[in-house]
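# Overview (structure and organization)
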Amino acid sequence: WVKNLRVRHEYWDGSRLSITGELLPSTHYTVAIAGLSDAYGGSLAKPVTLSVDTTPLPVSLSMPEGSLLLDSGTNRTVPVTTRNVKKIELSTWEIPEGDTSAFRHAVAQARLHQTPGEDPSRIIVSVQARHDALVRTDVDLASKLKPGRLYVVTARATETGWDAPDAVYESG
């Protein structure tokens, strides 16, 4: 069953049949077409059957942007949301205490997907991967970072699944 299924002729001469609807990702569909006739009265001798496989949803990875306080008592984790991802890499850069210009520079570099400083500390995290579904993973960074310090953290997918395509973002 396909929601909002539509079948129509396209082009001025009706030479193309278009089938559209709300197709689900990662789904195999079989379409059978029968009873069609052309303008001259000719019809299909037998039904035409074709198969369509839709692609998975694109890989997705997100985490909060801005300030996030971690402490050993109440908030030890950073939430990361993924789709069609099995492993992520978190890169962390420690910012010198009281150096606001270094902090601003590091954040600006991270937003441009550029390395904000020297070699980062890297943490590989396996996430609960689910096919075409958003999954939240709380990553415990408080146990891996020095308390009372300021860090810039970036994330990237290192292992994806189900042949999911990379997300494509329009420039500009």
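Shown above is the structure to which this text applies.
The notes below deal with the structure included here. (Residues numbered from 1 in each chain as written. Predicted model: local features only at pLDDT ≥ 70, side-chain atom pairs only at ≥ 80, totals over all residues. Heavy atoms only, no water.)

### Details of the packing of aromatic side chains
Geometry of an aromatic ring pair is reported as the spacing of the ring centres plus the angle between the planes. On inspection of all chains with the given rule, the structure shows zero aromatic pairs. Its end group placed over the ring of Trp 162, Lys 86 keeps NZ or CZ at 5.5 Å from the ring centre. (Phe/Tyr/Trp six-rings, centres within 6.5 Å; stacked < 30°, edge-to-face > 60°. Lys NZ or Arg CZ within 6 Å of the ring centre and 35° of its normal.)

### Structural notes on the sheet that holds strand 6 (residues 77-83)
Spatially, 5-6-9 is the arrangement adopted by the three strands of the open sheet, whose pairing is antiparallel. Each having just a single partner strand, strand 5 (60-62) and strand 9 (134-140) make up the two edges of the open sheet. Averaged over all adjacent pairs, the angle separating strand axes in this sheet is 20°, with direction ignored. Where strand 5 and strand 6 come together, three bridges link them in antiparallel fashion. (Pairing = 2+ DSSP bridges. Helix = DSSP H or I, 4+ residues; strand = E, 2+ residues; numbered from the N terminus. Axes fitted to C-alpha atoms, helices over the stretch in contact; angles between N-to-C directions.)

### Notes on the sheet that holds strand 7 (residues 85-95)
Taken in spatial order, the three strands make up an open sheet running 8-7-10, and their pairing is antiparallel. The open sheet has two edge strands with one neighbour each: strand 8 (121-126) and strand 10 (150-160). The mean angle between the axes of side-by-side strands here comes to 20°, regardless of whether they run parallel or antiparallel. Relative to strand 8, strand 7 runs antiparallel, the two being bridged by six bridges. The residue bridging Glu 89 from the neighbouring strand is Ile 124, located in strand 8. Contacting strand 7 and strand 10, helix 1 (residues 100-111) runs over the sheet at an angle of about 15° to strand 10. (Contact = heavy atoms within 4.5 Å.)

### What about a nonpolar patch on the surface?
On the surface, Leu 5, Val 7, Leu 17, Ile 19, Leu 36, Leu 44, Val 48, Leu 50 and Val 52 cluster together into a nonpolar patch covering about 650 Å² of accessible area. Sorting the residues of the nonpolar patch by element identifies strand 1 (3-10), strand 2 (16-22) and strand 4 (48-53) as the ones contributing at least two each. Among the elements that line the nonpolar patch, the one with the most residues is strand 4, at three residues. The topology assignment puts Leu 44 in the loop between strand 3 (28-33) and strand 4. (Patch = residues over 30% accessible without salt bridge, like charges linked within 9 Å, V, L, I, M, F, W, Y side chains within 5 Å. Areas by Shrake-Rupley, 256 points an atom, 1.4 Å probe, with all protein chains shown as cover. Salt bridge = Lys/Arg side-chain N within 4 Å of Asp/Glu carboxyl O.)

### Considerations on the side chain of Asn 84
Residue position: Asn 84 is located in the loop between strand 6 and strand 7. At 2.6 Å, the side chain of Asn 84 and the backbone nitrogen of Asp 132 are in polar contact. What Asn 84 contacts, discounting residues up to four positions off in sequence, is Pro 56, Leu 57, Pro 58, Val 59, Arg 130, His 131, Asp 132, Ala 133, Thr 160, Gly 161, Trp 162 and Ala 164. (Polar contact = N/O pair within 3.5 Å; in protein donor to acceptor, adjacent residues only side chain to side chain.)

### Section: the nonpolar core
What tends to happen in soluble globular proteins is that the nonpolar side chains get buried as a cluster. In this structure, Ile 88, Leu 90, Val 125, Val 139 and Leu 141 are the most contacted members of the largest nonpolar core, which totals 14 residues. Elements represented by at least two residues in this core include exactly strand 6, strand 7 and strand 8. The greatest single-element share of this core, amounting to three residues, is contributed by strand 7. Those residues in contact with Leu 90 that lie beyond four places of it in its chain are Met 63, Ser 121, Arg 122, Ile 123, Val 125, Val 139, Leu 141, Val 153, Thr 154 and Ala 155. (Core = buried A, V, L, I, M, F, W, Y, C linked by side-chain atoms within 4.5 Å. Buried < 20%, exposed > 50% of the residue type's maximum accessible area, 1.4 Å probe, protein only.)

The analysis is restricted to geometry; functional conclusions fall outside its scope.
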